Amino acid sequence: MEAASPAGPAAPQPRAPGAARALGSLLRGLKGQLLTWNILKTVALGQMLSLCICGTAITSQYLAEQYKVNTPMLQSFINYCLLLLFYTVMLAFQSGSDNLLYILKRKWWKYILLGLADVEANYLIVRAYQYTTLTSVQLLDCFGIPVLMALSWFVLYARYRVIHFVAVAVCLLGVGTMVGADILAGREDNSGSDVLTGDILVLLGASLYAVSNVCEEYIVKKLSRKEFLGMVGLFGTIISGIQLLIVECKDIASIQWNWKIALLFVAFALCMFCLYSFMPLVIQVTSATSVNLGILTADLYSLFFGLFLFGYKFSGLYLLSFTVIMVGFVLYCCTPTRTAAPAESSAPPVTGIGVDNLGLKLEEHLQETPPAAP
């Protein structure tokens, strides 16, 4: 006890350089984990998807505000037709288990349900704008993320870490910041005709999006990207075509067609086609959940374009919201999830590394593998 007394005041001083080195090492390690090529590539691909969604929003708003054209089912029908002409025809010329007829014989009813979920998700979200506020749609649309995580847990056996829940919370905080900026800018003035109906439509649409995205992740990782796009194109065309005849015949007949309206329809269809074509590529190296977190910035891109096209008011909160969402997205992508073995599987009950954020996991494996001896 007596020997410890004089050494006490001087004890923290020798530890300071060691603490500084430890902190520096921690920061360098964090930087090395966050700023990797696969993380940066994932962020870039996610923002490319956001720009595609932004393109669909801008063209739809132009059609509605400038030309009084509100035909979401017709716009979706054109997109599904493009998928049909490109990917379904491609499947028709495949051989073996990848052939269109072989897939239809074995799984036609599953793809009917998938096509129905995808078509109705697109339709319900767009239709909700007629009943509720923009703010409600932006907030309630995020309901699809926890639904998607829950479905991934039970269907894909994804197992999340604490950092993933923190990242999702950060992204949702960014969405809340964006909504706050909308309120301050006065963009929530349109109260709609029936807010409760609109909110229910958003929740249903977000849930159906989650179902569609989980199915997409399973198919593109277990089967093939072409099979998913080809089957969605086939049954999406049939289902949207039938619904189009039922709900939008009068709206289509009342359109005063000109080259500008036709060009906007083409632009919308191309943006949707690119979105559907590229999303499976991103899901293959990440997951449906990380993709949905990344595309939360789509509304912000629409707002930025709206500053010049529709006279929106600028707010610094939009930039803050974008930054917060991107921080959450990077946090989610920087740590792979794990995949548990199915209950009926003969594999041991321990968990192994899953396929979520696969690009990052491959990169870690390459870094950890020691070089071969000469």
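Here the residue numbers are simple positions, counted from 1 along each chain's written sequence. A pLDDT threshold of at least 70 governs which residues receive local features in this predicted model, and a stricter bar of 80 or more applies before side-chain atom pairs are shown or counted, although totals over entire chains, interfaces and linings include all residues. With hydrogens and water set aside, each side-chain value is computed from the structure's full complement of heavy atoms.

Draft legend 1. Geometry of the packing of helix 4 (residues 72-92) against helix 5 (residues 100-128). Axes, fitted as lines to C-alpha atoms, cover a helix only where it is in contact. Angles between the N-to-C directions of the axes lie from 0 to 180 degrees. Per the convention used, a helix needs a DSSP run of H or I reaching at least four residues, while a strand needs a run of E reaching at least two, with both numbered from the N terminus. At a closest axis distance of 12 Å, the pairing of helix 4 and helix 5 adopts a crossing angle of 160°. Put simply, helix 4 runs roughly antiparallel to helix 5. When you trace helix 4 past helix 5, the crossing you get is right-handed. On helix 5, the residues that touch P72, M73, S76, Y80, T88, L91 and A92 of helix 4 are L100, I103, D118, V119, N122, Y123, V126 and R127. Classifying every residue of the contact of helix 4 with helix 5 by side-chain character gives 10 nonpolar, three polar and two charged. Any angle from 65 to 115 degrees is called roughly perpendicular, while one under 35 is roughly parallel, one over 145 is roughly antiparallel, and all others are oblique. In this scheme the crossing of two helices becomes right-handed for a clockwise turn of the near helix relative to the far one and left-handed for an anticlockwise turn of less than a right angle. Here, residues are in contact when the closest pair of their heavy atoms is within 4.5 Å. Residue type decides the class: Asp, Glu, Lys and Arg count as charged, Ala, Val, Leu, Ile, Met, Phe, Trp, Tyr, Cys and Pro as nonpolar, and the leftover types, Gly among them, as polar.

Draft legend 2. Region of interest: the packing of helix 4 against helix 10 (residues 225-247). The N-to-C vectors of helix 4 and helix 10 enclose an angle of 140°; their axes lie 7 Å apart at closest approach. Here helix 4 lies oblique to helix 10, going by the angle between them. As for the relative orientation of helix 4 and helix 10, their crossing is left-handed in sense. A class-by-class count of the residues in the contact of helix 4 with helix 10 yields 15 nonpolar, eight polar and three charged.

Draft legend 3. Structural view of the pattern of salt bridges. Within this document, salt bridges are pairs made up of a side-chain nitrogen of Lys or Arg and a carboxyl oxygen of Asp or Glu, the two lying within 4 Å of each other. If you walk through the whole model with that rule in mind, you get two salt bridges. A salt bridge links K107 to E227; the shortest N-O distance between them is 2.8 Å. Residue K107 is found in helix 5, and its partner E227 is found in helix 10; the two are separated by 120 residues along the sequence. For the pair shown, K107 and E227 are each scored as buried. The partner of K221 in a salt bridge is E217, and the shortest N-O contact between them spans 3.1 Å. Linking K221 with E217, this pair stays in helix 9 (residues 195-222), spanning four residues, or about one helical turn. Buried residues are those whose accessible area, probed at 1.4 Å on protein chains only, stays under 20% of the maximum for their type, while exposed residues exceed 50% and partly exposed ones sit between those limits.

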